[in-house]
Amino acid sequence: MPRRALLRQIPIFSGLTDTALAALEASMVLKRLPPGGVLIEERAPGVCGYAVLSGRLKVTTAANGRDLALNIVGPGSLIGERALLDPGPRSASAIALGPARVLVLHRRDLLPFLQRHPEAALSMMTALVRRIRQISRARRDLACLPLAE
């Protein structure tokens, strides 16, 4: 699948105009990962997000001395996107389960892009708010589960 078509599948980019999406794509860099390659390390400073072109990555976090699998992501997924707007520490790790290719979008490239394409900022905010709502519902549902005795 062409890169631009794949980027359009990512919710925070789906509302972008063709011109804006082409400009965004031009600022992204291809990165290849071997099986077991670490894309993101938990607690490392975040400076970029990644659009998965091919392969699958396991997203994990460490808690109570254990690694917990949070998600498996594949083509059409965006991971590490919080770092695009907030350069705080990473909240999880991401490791390639097999060969993988991702497009890297650096925060330093996204911010000027958003200034040149303000409609993209609105589209991205709308998609991020949808994600916050999903997380809030999941958290509420988890909080309503009965406690084990």
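Placed above this text is the structure.
Predicted model, so just to flag it, every value in this text is computed and none were measured.

Chemist: When you look at the nonpolar core in this model, what are you seeing that I'm missing?
Modeler: One broad rule of soluble globular proteins: the nonpolar side chains tend to lie buried together. In terms of nonpolar packing, the biggest core is built from 22 residues, with Leu-7, Phe-13, Leu-16, Leu-24, Leu-110 and Phe-113 touching the most fellow members. Not counting residues up to four positions away in its chain, the partners in contact with Leu-7 are Phe-13, Leu-21, Glu-25, Met-28, Ala-51 and Leu-103. Grouped together as the second largest cluster of nonpolar side chains are 16 residues, Leu-39, Ile-40, Cys-48 and Ile-79 included.

Chemist: Sorry if this is basic, but what is going on with the pattern of salt bridges here?
Modeler: A side chain of one charge can pair with a side chain of the opposite charge when the charged atoms of the two come close. Following the criterion strictly, the structure yields 5 salt bridges and no others. With its nearest N and O atoms 2.8 Å apart, the salt bridge here joins Glu-25 to Arg-4. Taken together, the residues Glu-25 in helix H2 (residues 18–26) and Arg-4 in helix H1 (residues 3–9) connect sequence positions 21 residues apart. Using a relative accessible area of 39% as the deciding quantity, one classes Arg-4 as partly exposed.

Chemist: What exactly am I supposed to notice about the side chain of Glu-42 here?
Modeler: Structurally, Glu-42 can be placed in the loop between strand S2 (38–40) and strand S3 (48–54). The exposure class assigned to Glu-42 is buried, which follows from its relative accessible area of 19%. For Glu-42, the side chain forms a polar contact with the main-chain nitrogen of Ala-62, separated by 3.0 Å. Setting aside chain neighbours within four positions, we find Glu-42 in contact with Thr-60, Thr-61, Ala-62, Arg-90, Ser-91, Ala-92 and Ser-93.

Chemist: Please explain the sheet that holds strand S1 (residues 29–33) as it appears in this structure.
Modeler: Remark on secondary structure: sheet strands pair via backbone hydrogen bonds, oriented parallel or antiparallel. The strand order across the open sheet formed by 4 strands is S1-S8-S3-S6, and the pairing between neighbours is antiparallel. Two strands lie at the open edges of the sheet, namely S1 and strand S6 (78–79), each paired on one side alone. One ladder, built from 2 bridges, connects S3 with S6; its direction is antiparallel. The partner of Tyr-50 across the bridge, within S6, is Ile-79. Along the sheet, helix H4 (residues 107–116) contacts S3 and strand S8 (100–106); its crossing angle with S8, the most-contacted strand, is approximately 55 degrees.

Chemist: Where do I start with the side chain of Ser-77 in this structure?
Modeler: Relative to the helices and strands, Ser-77 resides in the loop between strand S5 (66–73) and S6. In contact with Ser-77, not counting residues within four places along its chain, are Ile-10, Tyr-50, Ala-51 and Val-52.

Chemist: What is the right way to read the sheet that holds strand S4 (residues 57–63) from this model?
Modeler: Within the open sheet, the 4 strands sit side by side as S2-S7-S4-S5. Their pairing is antiparallel. Each end of this open sheet is capped by a strand with a single partner; those strands are S2 and S5. Across the sheet, the mean angle separating the axes of adjacent strands is 30 degrees when strand polarity is ignored. In the sheet, S4 pairs with strand S7 (residues 93–96) via 4 bridges, with the strands oriented antiparallel.

Chemist: Would you explain unusual backbone geometry in this entry?
Modeler: Only a minority of non-glycine residues have a phi that is not negative, and only a minority of peptide bonds are not trans. For Arg-43, which is not glycine, the phi dihedral falls at a positive 75 degrees. Considering the arrangement of structural elements, one finds Arg-43 in the loop between S2 and S3. Assessed through its relative accessible area of 58%, Arg-43 is described here as exposed. Of note, the phi angle at Asn-64 is positive, near 55 degrees, even though the residue is not glycine.

Definitions and limits used
Residues numbered from 1 in each chain as written. Predicted model: local features only at pLDDT ≥ 70, side-chain atom pairs only at ≥ 80, totals over all residues. Heavy atoms only, no water. Core = buried A, V, L, I, M, F, W, Y, C linked by side-chain atoms within 4.5 Å. Buried < 20%, exposed > 50% of the residue type's maximum accessible area, 1.4 Å probe, protein only. Contact = heavy atoms within 4.5 Å. Salt bridge = Lys/Arg side-chain N within 4 Å of Asp/Glu carboxyl O. Helix = DSSP H or I, 4+ residues; strand = E, 2+ residues; numbered from the N terminus. Polar contact = N/O pair within 3.5 Å; in protein donor to acceptor, adjacent residues only side chain to side chain. Pairing = 2+ DSSP bridges. Axes fitted to C-alpha atoms, helices over the stretch in contact; angles between N-to-C directions.

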